[in-house]
Amino acid sequence: MKKIQSFFKYSLFALLVASAFYSCEDDDICTDEGEVPRMVADMYYNGTDVKLEDSIYYWAYVLKDSIPTNTSKDTVQIENGVVLNKSSFGIALRNNPNKKVFYTIAQGPDRYIRDSINNNQITDTIFAKRDRLILEYDEIGNAYTSKACGYGLTFKGIKVALVTKKGSGPGNWIKSIETVNTEIKDGSTTVIKLFTDERN
């Protein structure tokens, strides 16, 4: 009888451990509101359907809740990072009253010219090509994201525009964009395609 009880005890323990592992999924990143939604972009050589691998640096901002005065002090940075030798990357979103998120994306790092004679001082900076994307959304919803995270925020009615100092023309290294999904509920679904120049 004791052998049977012991067998059932270990079987129950093994079942509980297995169910705990089964309930989680790889790469789940959760907050109090579920999995972190991300604006995922795939990069392609300009004018082709061939994916381009590159290293990019990015910064994501939202406007402060106060009335904007058209200065950089009106923004709050929500994320920055580096993606090395990838053809796809994801940047965080944040719900905000203006329903806009601003992204600055640099094609590689800035390069510093140093004076080898004068204590290796920086004499000049060659800035990486930068472009700006503005993501706008219409409304916020809730949807099932994953077993581990349950339900989380979804951003609906997504529109992404390429904006540069030159106006509405092509960017410095991003030549055009294509929106392929208008809803974001996680960090795995491609939202836009970026058609870009290869780095010199």
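Conventions used here
- Residues numbered from 1 in each chain as written.
- Predicted model: local features only at pLDDT ≥ 70, side-chain atom pairs only at ≥ 80, totals over all residues.
- Heavy atoms only, no water.
- Helix = DSSP H or I, 4+ residues; strand = E, 2+ residues; numbered from the N terminus.
- Buried < 20%, exposed > 50% of the residue type's maximum accessible area, 1.4 Å probe, protein only.
- Contact = heavy atoms within 4.5 Å.
- Areas by Shrake-Rupley, 256 points an atom, 1.4 Å probe, with all protein chains shown as cover.
- 1 Å grid on protein atoms, 1.4 Å probe; cavity = no way out; pocket = protein on both sides within 12 Å on 5 of 7 lines; lining within 4 Å.
- Points joined across faces, edges and corners; volume = space filled by probe spheres on them.
- Core = buried A, V, L, I, M, F, W, Y, C linked by side-chain atoms within 4.5 Å.
- Phe/Tyr/Trp six-rings, centres within 6.5 Å; stacked < 30°, edge-to-face > 60°.
- Pairing = 2+ DSSP bridges.
- Axes fitted to C-alpha atoms, helices over the stretch in contact; angles between N-to-C directions.

(A) Looking closely at the overall build of the protein. Looking only at helices and strands, one finds one helix and 16 strands in the protein. By residue count, 34% of the 200 residues in the protein fall in the buried class. In the protein, of all internal contacts separated by at least 6 residues, the share reaching a separation of at least 24 is 61%. For the protein, the accessible area works out to roughly 12,800 Å², and carbon and sulfur atoms hold 52% of it.

(B) Quick look at the layout of surface pockets. In this structure, the second largest pocket occupies an estimated 240 Å³ of space. If you trace the second largest pocket, you find it lined by Gln107, Pro109, Asp110, Arg111, Ile126, Phe127, Ala128, Lys129, Asp197, Glu198, Arg199 and Asn200.

(C) View of the nonpolar core. Formed by 29 residues in total, the largest nonpolar core has its most connected members in Phe89, Tyr103, Leu133 and Leu135. Tallying contributions element by element places strand β4 (residues 54-63) first for this core, with four residues. When near neighbours in sequence (up to four residues on either side) are disregarded, leucine 133 contacts Met39, Val101, Phe102, Tyr103, Ile105, Val160, Ala161, Leu162, Ile177, Ile192 and Leu194.

(D) Spatial organisation of the packing of aromatic side chains. For the structure shown, the criterion picks out two aromatic pairs. Between tyrosine 137 and phenylalanine 155, the ring centres sit 4.9 Å apart and the planes meet at 90 degrees, which makes this aromatic pair edge-to-face. With tyrosine 137 in the loop between β10 (130-136) and β11 (139-146) and phenylalanine 155 in strand β12 (residues 150-156), this residue pair connects regions lying 18 residues apart in the sequence. As far as the burial class goes, tyrosine 137 and phenylalanine 155 line up, both buried.

(E) Spotlight on the sheet that holds β10. Strand order in this open sheet of five strands is β5-β4-β7-β10-β13, and the pairing throughout is antiparallel. Looking at strand neighbours, the two that pair on one side only are β5 (75-86) and β13 (159-163), the edges of this open sheet. Direction aside, the axes of adjacent strands within the sheet are offset by 20 degrees on average. Two strands pair when backbone bridges link them, and strand β7 (residues 100-107) and β10 are joined in this way by seven bridges, in the antiparallel orientation. Residue alanine 106 lies in a different strand from β10, and its bridge partner there is arginine 130.

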